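Given next are the chains, with one letter for each unit.
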Amino acid sequence: MTRSRLYILLDAFESDMRAILTRYVLDHQDDEIALGTSFTSANLRRESDAVAEITQPLVFYVDMREAYDVLNRHREVLPTDVGRELKAPGMPTPAPPRQQSTD
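Everything numeric here is computed off the predicted structure, so don't read it as measured data.

Novice: Would you take a moment to explain the environment of aspartate 49 for this structure?
Specialist: By the secondary structure assignment, aspartate 49 is in the loop between helix 3 (38-47) and helix 4 (64-73). The class for aspartate 49 is partly exposed, based on a relative accessible area of 28%. Each C-alpha atom, one on aspartate 49 and one on tyrosine 61, is 9.4 Å from the other, the two residues being 12 residues apart in sequence.

Laid out in structure tokens, this is it:
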């Protein structure tokens with residue numbers, strides 16, 4: 001699998017998780033209550049975003065791992081199939097992004 005295909009796959013997965021989070025969790029609860037401990041870090045990322053004129057929904061600043069954890073905490077409001085998949089083996093902690101040298 002090429003690097004670009006892997007990026008597209010991960011981006012689509014992350015987009016799907018955000019869409020599920022928005023549709024089934026954030027539409028029914030306040031962001032701060034729904035996101036729990038992830039609220040503070042996501043809000044800090046949104047505040048430090050360079051594009052201050054355009055305010056994106058907070059869900060765009062939730063990391064993939066945080067989105068997975070939030071969805072898992074709210075599994076009871078998700079469709080049965082989605083909740084079952086989240087409960088499955090679990091998502092491993094991803095390695096932090098590595099710094100690529102420009103040499």
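From this point on, the discussion continues.
Novice: Is there a simple way to think about the packing of helix 1 (residues 3-26) against helix 4 in this case?
Specialist: Between helix 1 and helix 4, the least distance of the axes is 10 Å, while the angle of their chain directions is 35 degrees. Judged by the sense of rotation from one axis to the other, the crossing of helix 1 with helix 4 is left-handed. For the pair helix 1 and helix 4, the contacting residues are Leu10, Phe13, Glu14, Met17, Ile20, Leu21 and Val25 in the first and Met64, Ala67, Tyr68, Val70 and Leu71 in the second.

Rules used in this analysis
- Residues numbered from 1 in each chain as written.
- Predicted model: local features only at pLDDT ≥ 70, side-chain atom pairs only at ≥ 80, totals over all residues.
- Heavy atoms only, no water.
- Helix = DSSP H or I, 4+ residues; strand = E, 2+ residues; numbered from the N terminus.
- Buried < 20%, exposed > 50% of the residue type's maximum accessible area, 1.4 Å probe, protein only.
- Axes fitted to C-alpha atoms, helices over the stretch in contact; angles between N-to-C directions.
- Left-handed = near helix turned anticlockwise from the far one by under 90°.
- Contact = heavy atoms within 4.5 Å.

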